[in-house]
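A structural walkthrough
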Amino acid sequence: MKPKFAMYWAASCGGCEIAVLNIDAKILDLDANFDVAFWPAAMDAKYKDLDAMADGSILVTLFNGSIRTAENEHLAKTLRRKSKILVAFGSCANEGCIPGLANLSSRESMLETAYGGPSTENPAQLRPQPTSQVPEGALTLPPVQPVVRTLDQVVEVDYHMPGCPPESHQIAAVVDLLVQVVQGRAELPPKGSVIGAGESTVCDECPRERNVKHLTQLRRIQELGPLDTTLCLLEQGLMCTGPATRSGCDARCPRVGAPCIGCYGVAPEALDQGARMMTAIASAIDAKEPEAIDGILDGIPDPAGTFYKFSLAHSLLRGGRAAHRETETP
Amino acid sequence: MANDFEPVIIGFTCNWCSYRAADVAGTTRLKYAPNVRLIRLMCSGRIDPTFVLKALADGADGVLITGCHPGDCHYLEQNYKALRRHRLLQRTLAQLGVEPERVHLTWASAAEGAIFAATIDRFVERVRALGPLRWPARPKPLPVAVAPELAEEALP
Ligand code: SF4
Ligand code: SF4
Ligand code: FES
């Protein structure tokens with residue numbers, strides 16, 4: 001009997017699932033060595049089938065997505081019980097990612113923006129209801145929780161695999177490792193390890209030339225002239241979060257002229273990606289007078305969204321006061 | 001209720017001018033608000049926004065950062081770095097709904113014990129007026145019900 005494999009998506013975009021399918025023929029190794037027991041994105045599965053599985057009967061679960069709803073939380077707890085090895089897979093499960101940016105606002109204003117905002121076509125002004133009566137009976141929706149949480153804020157996690165999504169070559173390497181473990185040819189890394197990523201920063205993998213930085217301006221890419229193709233982007237005045245971000249993607253973005261936006265999450269040894277980036281930017285700015293400093297900082301119109309684009313829910317403050325207020329016990 | 005509130009404030013000083021200022025305030029027996037717990041670092045340039053965020057996340061209502069006056073930093077220009085970090089952190093905190101005034105930066109020389117004491121008093125009053133921050137505690141994950149070791153029966 002082959003050991004069981006599962007993959008689940010909570011609050012996520014589906015990109016992690018695509019990334020796993022992107023490993024090409026390697027997916028056949030997964031199939032050859034594992035019995036895919038539960039993977040809603042790839043095959044039909046019902047929650048009752050999962051409930052019927054014995055505790056600990058799934059060898060490994062890749063869990064992607066953050067915890068936004070009560071359903072997400074329920075599945076996180078269920079899969080924790082059913083799985084021997086639970087991997088927080090991708091940025092959402094590890095650090096909250098884009099869904100975690102909702103922690104800048106209250107749940108009410110988040111729902112208002114989503115269902116009543118200018119980008120939503122909703123002439124009847126419908127809002128999601130916990131229960132709706134239809135001719136066939138009552139339909140229910142899982143409650144949205146006040147703050148987005150990461151998987152390890154809800155259940156214990158065995159391994160962390162960062163990235164939005166994790167790079168295919170990294171997933172393939174992890175699949176290889178799992179297959180070797182199952183075949184008794186390799187050992188699992190220590191519990192709690194970060195897998196499928198590097199132990200340094202994106203800057204260390206970046207081929208661009210780095211010098212001592214003297215930042216006199218920060219601009220958006222369309223406001224800058226043609227960029228130098230070999231020089232560090234930050235030095236050219238473009239916000240690049242490579243200095244605060246974990247390596248592992250082979251500096252995919254700066255390599256092709258797009259700044260790193262931080263998807264591999266907080267750099268090793270750092271507690272807070274935003275704090276690390278604030279430190280890096282403040283060190284690089286070439287100004288001493290408050291007004292001159294402010295002039296340069298004005299080039300970062302959305303510091304929280306820029307420095308915590310992927311890691312707000314797992315940062316030291318985990319979000320803003322508006323989101324946390326609802327969780328306060330009076 | 002608000003009158004009973006004693007703000008918890010973490011203060012970071014550098015090892016040189018600003019710590020001396022605190023020391024002078026103490027040895028000359030100046031009276032000032034006892035709310036600030038001072039932590040001495042070598043230089044204000046060592047203060048990482050991480051320290052400030054961790055203090056706020058773990059129960060502080062305010063953070064005071066002190067360093068030598070511009071031009072007097074014992075490591076040349078590190079206090080300018082502290083100034084830049086502080087201004088950037090304040091912008092980020094404002095977006096997170098934390099009043100930027102909860103994190104205050106001030107310069108002090110070894111001769112400024114009295115000024116230092118007055119600055120602390122003023123800052124404590126300002127934070128008192130803002131009220132408690134009471135950042136919610138980090139969520140505690142459920143422990144693993146099943147040990148992650150590979151069990152015999154899960155293997156072929
Ligand atoms: S800041 Fe960006 S462009 Fe510069 S070295 Fe780091 S990753 Fe490369
Ligand atoms: S360069 Fe940055 S944003 Fe791009 S893939 Fe790597 S970590 Fe993600
Ligand atoms: S030594 Fe005092 S600020 Fe640098």
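Everything below is about the structure shown above.
What counts as what
Along each chain, residue indices are assigned from 1 in the same order as the chain's sequence is written. Throughout, the order in which chains and ligands are written sets their labels, letters from A for the former and numbers from 1 for the latter. Local features in this predicted model are restricted to residues whose pLDDT is 70 or higher, and side-chain atom pairs enter the listing and the counts only when it is 80 or higher, whereas totals over whole chains, interfaces and linings include all residues. Based on all heavy atoms of the structure, the side-chain values leave hydrogens and waters out of the count. Strands are runs of DSSP state E lasting at least 2 residues, helices are runs of H or I lasting at least 4, and numbering of each runs from the N terminus. Our radius of gyration looks at C-alpha atoms and nothing else; its globule reference is 2.2 Å times the residue count to the power 0.38. Burial here depends on accessible area, computed with a 1.4 Å probe over protein chains only, as a share of the maximum for the residue type. Under 20% is buried, over 50% is exposed, and the range in between is partly exposed. The contact criterion used is simple: two residues touch if any of their non-hydrogen atoms lie within 4.5 Å. Residue burial considers only the protein chains on display, and all accessible areas are found by Shrake-Rupley using a 1.4 Å probe. Comment: axis = line fitted to C-alpha atoms, over the contacting stretch for helices; angle = value between 0 and 180 degrees taken between N-to-C directions. Lys, Arg, Asp and Glu make up the charged group, whereas Ala, Val, Leu, Ile, Met, Phe, Trp, Tyr, Cys and Pro make up the nonpolar group; the residues left over, Gly among them, are polar. By definition, two strands form a pair when at least two bridges between them are found by DSSP. Buried Ala, Val, Leu, Ile, Met, Phe, Trp, Tyr and Cys residues form a nonpolar core when they are joined through side-chain atoms within 4.5 Å. Here a residue is considered near a molecule or strand provided that any single heavy atom belonging to it is located within 4 Å of it.

When its secondary structure is counted, chain A shows 14 helices and 9 strands. By the compact-globule yardstick of 20 Å for 330 residues, chain A fits well, its C-alpha radius of gyration being 22 Å. Relative to its full complement of 330 residues, chain A shows a buried share of 52%. Taking contacts inside chain A between residues at least 6 apart in sequence as the whole, the part at least 24 apart equals 73%. As presented, chain A carries roughly 14,600 Å² of accessible surface, and 55% of it is formed by carbon and sulfur atoms.

Another aspect to go through is the packing of helix H11 (residues 273-284) of chain A against helix H2 (residues 49-57) of chain B. Where H11 of chain A contacts H2 of chain B, the two axes come as close as 8 Å, and the packing angle between them is 145°. On the side of H11 of chain A, the interface is formed by Ala275, Met278 and Thr279 of chain A, while H2 of chain B contributes Pro49, Thr50 and Leu53 of chain B. For the contact of H11 of chain A with H2 of chain B, the class distribution of residues is 4 nonpolar, 2 polar and no charged.

Further remarks concern the sheet that holds strand E2 (residues 36-40) of chain B. All names here are of chain B. In space, the 4 strands of this open sheet follow the order E2-E1-E3-E4, with parallel pairing throughout. Every interior strand has two partners, whereas the edge strands, E2 and strand E4 (103-107), have only one. Strand after strand, the sheet turns through a mean of 20° between neighbouring axes, direction not considered. Sheet analysis places strand E1 (residues 9-13) next to E2, joined by 5 bridges and oriented parallel. Bridge assignment links threonine 13 to a residue of E2, and that residue is arginine 40. Packing against the sheet, H2 makes contact with E1, strand E3 (62-67) and E4, and its axis sits at approximately 150° to E3. In the packing of helix H4 (residues 113-130) onto the sheet, the strands contacted are E1, E2, E3 and E4, and the crossing angle to E3 comes to about 160°.

Residue and element names in this part refer to chain A. Across the 7 residues that make up strand E5 (residues 83-89), a large majority, 7, are buried. Inspection of the sheet shows strand E3 (residues 58-64) paired to E5 by 5 bridges, in the parallel sense. Counterpart to isoleucine 58 in the pairing with E5 is serine 83.

The nonpolar side chains of a soluble globular protein tend to be buried with one another. By size, the foremost hydrophobic cluster in this structure holds 59 residues, and its most contacted members are Ile281 and Phe307 of chain A together with Leu56 of chain B. Contributions of two or more residues to this core are made by H11 and helix H12 (290-297) of chain A together with E1, H2, E3, helix H3 (78-95) and E4 of chain B. What phenylalanine 307 of chain A contacts, discounting residues up to four positions off in sequence, is Met239, Gln273, Gly274, Met277, Met278, Ile281 and Ile300 of chain A together with Leu88 and Thr92 of chain B. In terms of nonpolar packing, the next biggest core, distinct from the first, is built from 25 residues, Val20, Ile23, Val174 and Val179 of chain A among them.

Here we come to the site of ligand 1. Every residue lining ligand 1 is accounted for by Val202, Cys203, Cys206, Arg208, Arg210, Cys232, Leu233, Leu234, Cys240, Gly242, Pro243 and Pro254 of chain A. For the shell around ligand 1, the per-class residue count stands at 9 nonpolar, 1 polar and 2 charged.

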